[in-house]
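Breakdown of the fold
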Amino acid sequence: MRERAFWIVFFLGLMTLSLAACGGGGAGTDGAVIDESGDTPDVPEEPPITPPVEPSALDQQLLQALEDRDVDTPQAPPIPADALVALGKALFFDKELSGNRNISCATCHHPTTGTGDDLSVSIGQGGSGLGSARLLGSGALIPRNAPPLFNKGLPAFRTMFWDSRVSIGQGGALNTPEPALNGPRPTAGAIAQELTTALAAQAIFPLTSHAEMRGDPGENELADAADNLEVWTLIMDRLVGTDNGTQGGFAEYRALFQAAFPAVADIDGFHIGHVGAALGAYEDLAFRALDSSFDRYLAGDLAAMTDEARRGALLRSRGLRPLPRRPAADRRASSRPRRPPGRPGARSQWG
Ligand code: HEC
């Protein structure tokens, strides 16, 4: 009997020990979690970044948010022909297109400054230097800044400039500051016909702006031209020459234009529409950037973005959420209207 009692006590003891072990272990683990989360209540521990096979809860939220906002992989236009891009590149970096031969498209849209100029307002012809290092000197100040050109060749971009003053309709009709190019039957039809994107149509307008590229009246033949169409003709005279390329112009440009537009029978057939088309093609291809981690994520590669980036995208797609309301007592303490700093009664100063 005593022997049985011993064994019962022995087994009970063992069970207690093992329960204590489990419980102790469990309590220890829980305790560790509580301690850690107590230390950093708002920042959950970052899980290691591993390519998720299945969409995580975060992915599901983000993909839904993107779908709700019709965010989709942008449709890229076909790759333009090499010869067209080569001509556009030569034109984009060439000061010959400006009245005083002192500024090119690249001066304000240089690739090294992210294709914008990084200035609060652009410095036009007569200034010196590139991008954000450009100095005004006796140059002209443009009342706006130069927007970056990334992805502006995508068909989704149908308007150009901050005020959309250049745009292209679904049927290809242009709306620009030059009436001769506008509408379904433009009077300058040959030029308009080459301007098949908003980007191509935009490209011929910096050339007509006195402050941007053309120069002041009295300074050069482009600045003195009677209208836009004459400016554009005079630019072609500079580039490919007159009398079918026998007077003036550059042999290199004649070759580039001929390679880019083999269907144009003779040199006199080239016009500013070809310049716009080539500049648009170069800008489209050179500044096309459709392979960011977000682009790849949108295309279905869920491992392309880090968790942090995914959380950022989710936040961005939802907009900023209002801050949590403060407790009532807190609100009462500061419910008196606050006087703006500065002169008493000078409210309008602060909006
Ligand atoms: C003096 C600096 C300067 C030069 C030179 C210049 N640009 Fe710009 N560019 C600007 C500014 C400023 C704007 C915005 C003007 C506005 O919206 O009214 C702009 C706008 C644009 C836009 C519209 C982008 C958008 O998002 O709407 C394109 C495209 C562009 N420029 C291409 C060119 C090309 C091509 C040339 C050469 C033919 C050129 N620029 C020459 C300063 C310049």
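Residues numbered from 1 in each chain as written. Predicted model: local features only at pLDDT ≥ 70, side-chain atom pairs only at ≥ 80, totals over all residues.

Time to look at the overall build of the protein. In terms of regular secondary structure, the protein is built from 13 helices and three strands. By sequence separation, contacts in the protein at least 24 residues apart represent 56% of the contacts at least 6 residues apart. (Helix = DSSP H or I, 4+ residues; strand = E, 2+ residues; numbered from the N terminus. Contact = placed C-beta atoms within 7 Å.)

It is worth spelling out the packing of helix α2 (residues 57–68) against helix α12 (residues 307–318) at this point. Between α2 and α12, the least distance of the axes is 9 Å, while the angle of their chain directions is 35°. As α2 packs across α12, the resulting crossing turns out to be left-handed. Contacts between α2 and α12 pair Leu58, Asp59, Gln61, Leu62, Ala65 and Leu66 from the former with Asp307, Arg310, Arg311, Ala313, Leu314, Ser317 and Arg318 from the latter. The residue inventory of the contact of α2 with α12, partitioned by class, reads six nonpolar, two polar and five charged. (Axes fitted to C-alpha atoms, helices over the stretch in contact; angles between N-to-C directions. Left-handed = near helix turned anticlockwise from the far one by under 90°. Nonpolar A, V, L, I, M, F, W, Y, C, P; charged D, E, K, R; others polar.)

Moving on, we come to unusual backbone geometry. Not every positive phi belongs to a glycine, and Thr115 is a case in point at roughly 65°. Tracing the backbone shows Thr115 in the loop between α4 (105–108) and β1 (159–160). Accessibility expressed as a C-beta count within 10 Å gives 22 for Thr115, which makes it buried. Phi at Asp243 is positive, roughly 50°, even though this residue is not glycine. Checked against the element boundaries, Asp243 lands in the loop between α8 (228–240) and α9 (251–260). Asp243 gets classed as exposed once you count the C-beta atoms within 10 Å, which come to 11. (Buried ≥ 20, exposed ≤ 12 C-beta atoms within 10 Å, placed from the backbone.)

This brings us to the site of the ligand. Around the ligand there are 25 residues in total, and Cys105, Cys108, Phe161, Trp162 and Pro206 lie nearest to it. Contributing elements (two or more residues each) for the shell around the ligand: α4, α6 (198–202) and α7 (210–214). For the shell around the ligand, the class distribution of residues is 16 nonpolar, six polar and three charged. (Near = placed C-beta within 6 Å.)

Below, the discussion takes up the environment of Asn151. Mapped onto the elements of the fold, Asn151 is located in the loop between α4 and β1. Its 16 C-beta neighbours within 10 Å are what place Asn151 among the partly exposed residues. C-alpha of Asn151 to C-alpha of Ala76: the two residues are 75 residues apart in sequence and 8.9 Å apart in space. With residues near it in sequence (within four places) discarded, Asn151 still touches Phe287, Arg288 and Ala289.

The next subject is the sheet that holds strand β2 (residues 166–168). Across the sheet, three strands lie side by side as β1-β2-β3; this open sheet has antiparallel pairing. Of all strands in the sheet, those with a lone pairing partner are β1 and β3 (174–175), marking the two edges. (Pairing = 2+ DSSP bridges.)

This part covers the confidence of the model for the protein. Do not read the fine detail of predicted coordinates wherever pLDDT is low. Residues at a pLDDT of 70 or more form 75% of the protein, whose mean pLDDT is 83. Scored below 50 in pLDDT, residues 1–38 makes zero contacts in the model with residues more than four places away or belonging to other chains. Across residues 331–351 the pLDDT falls below 50, and counting only partners more than four positions away or on other chains, this stretch makes four contacts in the model. (pLDDT = per-residue confidence, 0-100.)

Considering the arrangement of structural elements, one finds Arg69 in the loop between α2 and α3 (82–92). The exposed category is assigned to Arg69, around which 10 C-beta atoms lie within 10 Å. With 248 residues separating them in the primary sequence, Arg69 and Ser317 have C-alpha atoms 7.8 Å apart.

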